[in-house]
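Descriptive structure summary
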Amino acid sequence: MITTDLTPGSPCWLDLGVRDLPAAAAFYRAVLGWEYEPMGGEGEGEGEEAEGSGGMFRKDGKVVGGLGELTEQGARPAWMIYYTVTDADATTRAVEGTGGTVRVPPRDLGEWGRMAQYSDPLGGQFAVWQPGTNAGFELADEPGSLSWTELYTTDASAAREFYGGVLGWQFGDMPLPGDGGAYTLITPAGLPEERMQGGLMQLRAEDLTLTGGRPYWHPVFAVTDCDTAAAAVTGNGGSVQMGPEDMPGVGRLAVCLDPSGADFVLLAAES
């Protein structure tokens, strides 16, 4: 369960980096009902209103994430997930001390807060946010907002050691059907199991085709009807890689790509 009680180690923000902002704004409006608000301007982000370097996505008036122009050479369009920390500089030292890489050193974003971006030792990219006046998103675990985070990695044991040391996460394993191995559940330090916020799963490098074998994080968005949302994905230029299908004890989900190739999951959770 992801909440807006943004305790250390919990997801607090996510943003999408793409090269075509108007197309992304129109797609997520159609699929998740998001309104796009360009930085420094008004409007819902269609046509010329979505031009510029980026802005905010809102659902029912509440901020759920960000959209920005992808400028990094060779980078693929993707969602970046941010986790709350109390000290971005200390987190950076912990990343460096446990074999990770600093992609963007800690820097202030005005009075809003302080951010940094990293890669784990196997290449999975993530970010942290030290809140100032802005703690992060305003809606979570509701239809049209982030409800889960997930890491596909080539070494689950190494990932647990790294993220446990850097972000203090607690872990628990859940067996997968058949001979599928185990799915590792993630909970922020000191919080009960009902505050589980994500999971990680070990896959072969050859199965990670989106990144050429490198581990990666992706978001899971809550929806009321997975089949309807998946149909909106394909009807607006995206694709469905798996599903919709029922996962016992979880709900009905679909693994999707937006028109730029950024991956995400739609989940209608069991009631």
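Residues numbered from 1 in each chain as written. Predicted model: local features only at pLDDT ≥ 70, side-chain atom pairs only at ≥ 80, totals over all residues. Heavy atoms only, no water.

As annotated in an unreviewed UniProt entry, the chain carries the name VOC family protein and comes from Streptomyces akebiae.

Points about the side chain of Thr-149
Secondary-structure assignment places Thr-149 in strand β9 (residues 146-153). Judged by relative accessible area, Thr-149 falls into the buried class, the value being 1%. A polar atom in the side chain of Thr-149 sits 3.4 Å from the side chain of Tyr-83. With near-sequence residues (within four places) excluded, Thr-149 lies in contact with Ile-2, Pro-11, Ile-81, Tyr-83, Gln-197, Gly-198, Gly-199, Trp-217 and His-218. (Helix = DSSP H or I, 4+ residues; strand = E, 2+ residues; numbered from the N terminus. Buried < 20%, exposed > 50% of the residue type's maximum accessible area, 1.4 Å probe, protein only. Polar contact = N/O pair within 3.5 Å; in protein donor to acceptor, adjacent residues only side chain to side chain. Contact = heavy atoms within 4.5 Å.)

Things to note about the sheet that holds strand β12 (residues 198-202)
Read across the open sheet, the eight strands follow the order β10-β11-β12-β9-β13-β16-β15-β14; overall the sheet is mixed. Strands at the two margins of the open sheet, each flanked by one partner only, are β10 (170-175) and β14 (239-247). The mean angle between the axes of side-by-side strands here comes to 25 degrees, regardless of whether they run parallel or antiparallel. Lying over the sheet, helix α1 (residues 21-32) contacts β13 (216-222), β15 (251-257) and β16 (263-269), oriented at roughly 15 degrees with respect to β16. Packed onto the sheet, helix α4 (residues 226-235) meets β14, β15 and β16 and runs at close to 175 degrees relative to β14. (Pairing = 2+ DSSP bridges. Axes fitted to C-alpha atoms, helices over the stretch in contact; angles between N-to-C directions.)

A few points about the packing of aromatic side chains
Summed over all chains, the structure comprises 23 aromatic pairs. Geometrically, the ring pair formed by Trp-34 and Phe-221 is edge-to-face, given 5.3 Å between the ring centres and 90 degrees between the ring planes. On the criterion of sequence distance, the pair formed by Trp-34 in the loop between α1 and β2 (35-38) and Phe-221 in strand β13 is long-range, its members being 187 residues apart. Pair check on accessibility: Trp-34 and Phe-221 agree, each one buried. (Phe/Tyr/Trp six-rings, centres within 6.5 Å; stacked < 30°, edge-to-face > 60°.)

Quick word on the pattern of salt bridges
Once their charged atoms are close, side chains differing in charge can pair, the charge on each being opposite to the other. Tallied over the full model, the rule gives 12 salt bridges. Notably, a salt bridge pairs Arg-160 with Asp-173, separated by 2.8 Å at the nearest N-O pair. Highlighted residues: Arg-160 in helix α3 (residues 156-167) and Asp-173 in strand β10, separated in sequence by 13 residues. Assessed through its relative accessible area of 27%, Arg-160 is described here as partly exposed. With a shortest N-O distance of 3.1 Å, Asp-246 and Arg-252 are connected by a salt bridge. Taken together, the shared-partner salt bridges in this structure form one network comprising Glu-37, Arg-58 and Glu-138. (Salt bridge = Lys/Arg side-chain N within 4 Å of Asp/Glu carboxyl O.)

As for α4
Looking only at α4, the buried set comprises Cys-226, Ala-229, Ala-230, Ala-232 and Val-233. All buried residues of α4 fall inside an arc of 155 degrees around its axis, so they share one side. Residues of α4 that are exposed and point over 90 degrees away from its buried face: Thr-228 and Gly-235. Tucked inside the fold, the buried residues of α4 contact α1, β14, β15 and β16. Once α4 ends, the next one or two residues include Gly-237, with phi positive near 95 degrees. (Arc of directions from axis to C-beta.)

A closer look at the packing of α1 against α4
Describing two packed helices takes the angle between their axes plus the distance from one axis to the other. Orientation of α1 relative to α4, taken along the N-to-C sense of each, is 155 degrees, at an axis distance of 8 Å. It follows from the interaxial angle that α1 and α4 lie roughly antiparallel. Seen from above, α1 lies across α4 with right-handed handedness. For the pair formed by α1 and α4, the contact residues are Phe-27, Ala-30 and Val-31 on the first element and Ala-229, Ala-232 and Val-233 on the second. Residue composition of the contact of α1 with α4, by class: six nonpolar, no polar and no charged. (Parallel < 35°, antiparallel > 145°, perpendicular 65-115°, else oblique. Left-handed = near helix turned anticlockwise from the far one by under 90°. Nonpolar A, V, L, I, M, F, W, Y, C, P; charged D, E, K, R; others polar.)

Topic: the pairing of β9
By the criterion of burial, β9 is predominantly enclosed, with eight of the eight residues buried. The sheet contact formed by β9 and β13 spans six bridges and is antiparallel. Counted as the bridge partner of Glu-150 is His-218 from β13. Judged from the five bridges that link them, β9 and β12 form a sheet pairing that is parallel. Bridge assignment links Tyr-152 to a residue of β12, and that residue is Met-201.

A word on a nonpolar patch on the surface
A contiguous nonpolar surface patch, about 290 Å² in accessible area, is contributed by Met-39, Leu-109 and Trp-112. With respect to the element layout, Trp-112 can be found in the loop between β6 (101-109) and β7 (113-119). (Patch = residues over 30% accessible without salt bridge, like charges linked within 9 Å, V, L, I, M, F, W, Y side chains within 5 Å. Areas by Shrake-Rupley, 256 points an atom, 1.4 Å probe, with all protein chains shown as cover.)

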